[in-house]
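Letter by letter, the chains look like this.
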Amino acid sequence: MSTFQLSFKTTLGFVSIIERDGYITDINFRKITKQKTSSQLLKAKDQIKKFLNKKIKRFTLKTKAIGSKAQLQVWNQIKKINYGKTVSYNFISKKTKIHPRHVGRICGENRLLLFIPCHRVIRSDGLLGGFLAKRGVSLKSKILKIEDSNK
């Protein structure tokens, strides 16, 4: 099993990417000290930087989400949310037949931040709700503002 890791600084802080056996399996907002890069990680870094700088709206990364059947079902629905749009946890709940609180918990277990855009899932009352990454809701708000200003 080959594993590669890369961290880099962005306008939103550090982003780390992990590749296992040729697939990106983790994208998160923290710093990894032990790094070993690959061409796939360098491509992912380039796409993430372009996304955060409003140059691209969609990723073309070779990813692999690892999770239960329910997690994969929720994440697949979330991947359908268009750039610059938001939906509620309740909306995802109705699409997947999974309780909204469980949908929120599954969002918190997302290991492919940005690629599976859980930042686009908000509460039904319009408030942002939670966000897994360090600096949570503040970071979620900043990502949504990037998308909103680049529609």
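Structural data are supplied above this passage.
Residues numbered from 1 in each chain as written. Predicted model: local features only at pLDDT ≥ 70, side-chain atom pairs only at ≥ 80, totals over all residues. Heavy atoms only, no water.

## So, the overall build of the protein
Along its length, the protein carries five helices and five strands. Taken from N to C terminus, the helices and strands of the protein fall in the order β-β-β-α-α-β-α-α-β-α. Relative to the 2.2 N^0.38 estimate, which gives 15 Å for 151 residues, the radius of gyration of the protein is 15 Å and therefore close to what a compact globule would have. Expressed along its principal axes, the backbone C-alpha trace of the protein runs to roughly 40 × 35 × 25 Å. Here the protein, with 151 residues, has 47% of them falling under the buried criterion. When contacts within the protein are restricted to residue pairs at least 6 apart in sequence, long-range pairs at least 24 apart make up 54% of them. Accessible surface, the protein: about 8300 Å² in total, of which carbon and sulfur atoms supply 52%. In the protein, which carries 34 positive and 8 negative side-chain charges, the distance between the mean positions of the two groups comes to 2 Å. (Helix = DSSP H or I, 4+ residues; strand = E, 2+ residues; numbered from the N terminus. Rg over C-alpha atoms; globule rule 2.2 N^0.38 Å. Buried < 20%, exposed > 50% of the residue type's maximum accessible area, 1.4 Å probe, protein only. Contact = heavy atoms within 4.5 Å. Areas by Shrake-Rupley, 256 points an atom, 1.4 Å probe, with all protein chains shown as cover. Lys, Arg positive; Asp, Glu negative; His and termini not counted. Charge placed at Lys NZ, Arg CZ, Asp CG, Glu CD.)

## Looking at the sheet that holds strand β3 (residues 23-28)
With antiparallel pairing, the three strands of this open sheet are ordered in space as β1-β2-β3. Every interior strand has two partners, whereas the edge strands, β1 (3-10) and β3, have only one. With direction set aside, neighbouring strand axes in the sheet form an average angle of 20 degrees. When strand β2 (residues 13-20) meets β3, the two strands line up antiparallel, connected through five bridges. Residue R20 lies in a different strand from β3, and its bridge partner there is Y23. Across the sheet, helix α1 (residues 39-52) is in contact with β1, β2 and β3; its angle to β1 comes to roughly 25 degrees. (Pairing = 2+ DSSP bridges. Axes fitted to C-alpha atoms, helices over the stretch in contact; angles between N-to-C directions.)

## So, empty space enclosed by the protein
Inspection of the entire model under this criterion finds one cavity of 30 Å³ or more. The computed volume of the largest cavity comes to approximately 40 Å³. In terms of lining residues, the largest cavity is bounded by T25, K64, A65, I66, W75, N110, R111, L112 and I116. Its residues assigned to classes, the lining of the largest cavity shows five nonpolar, two polar and two charged. (1 Å grid on protein atoms, 1.4 Å probe; cavity = no way out; pocket = protein on both sides within 12 Å on 5 of 7 lines; lining within 4 Å. Points joined across faces, edges and corners; volume = space filled by probe spheres on them. Nonpolar A, V, L, I, M, F, W, Y, C, P; charged D, E, K, R; others polar.)

## With respect to the packing of aromatic side chains
Counted according to the given criterion, the structure contains two aromatic pairs. Between F51 and F59, the aromatic rings sit 5.0 Å apart at their centres with planes inclined by 35 degrees, giving tilted as the arrangement. One exposure class covers both F51 and F59, and it is buried. Relative to Y83, the ring of F51 has its centre 5.9 Å away and its plane inclined at 85 degrees; by these criteria the two rings are edge-to-face. Residue F51 is located in helix α1, and its partner Y83 is located in the loop between α2 (69-78) and β4 (87-88); the two are separated by 32 residues in the primary sequence. Here the two residues F51 and Y83 agree in accessibility, since each one is buried. Feature note: the residues F51, F59 and Y83 constitute an aromatic cluster, connected by ring pairs. (Phe/Tyr/Trp six-rings, centres within 6.5 Å; stacked < 30°, edge-to-face > 60°.)

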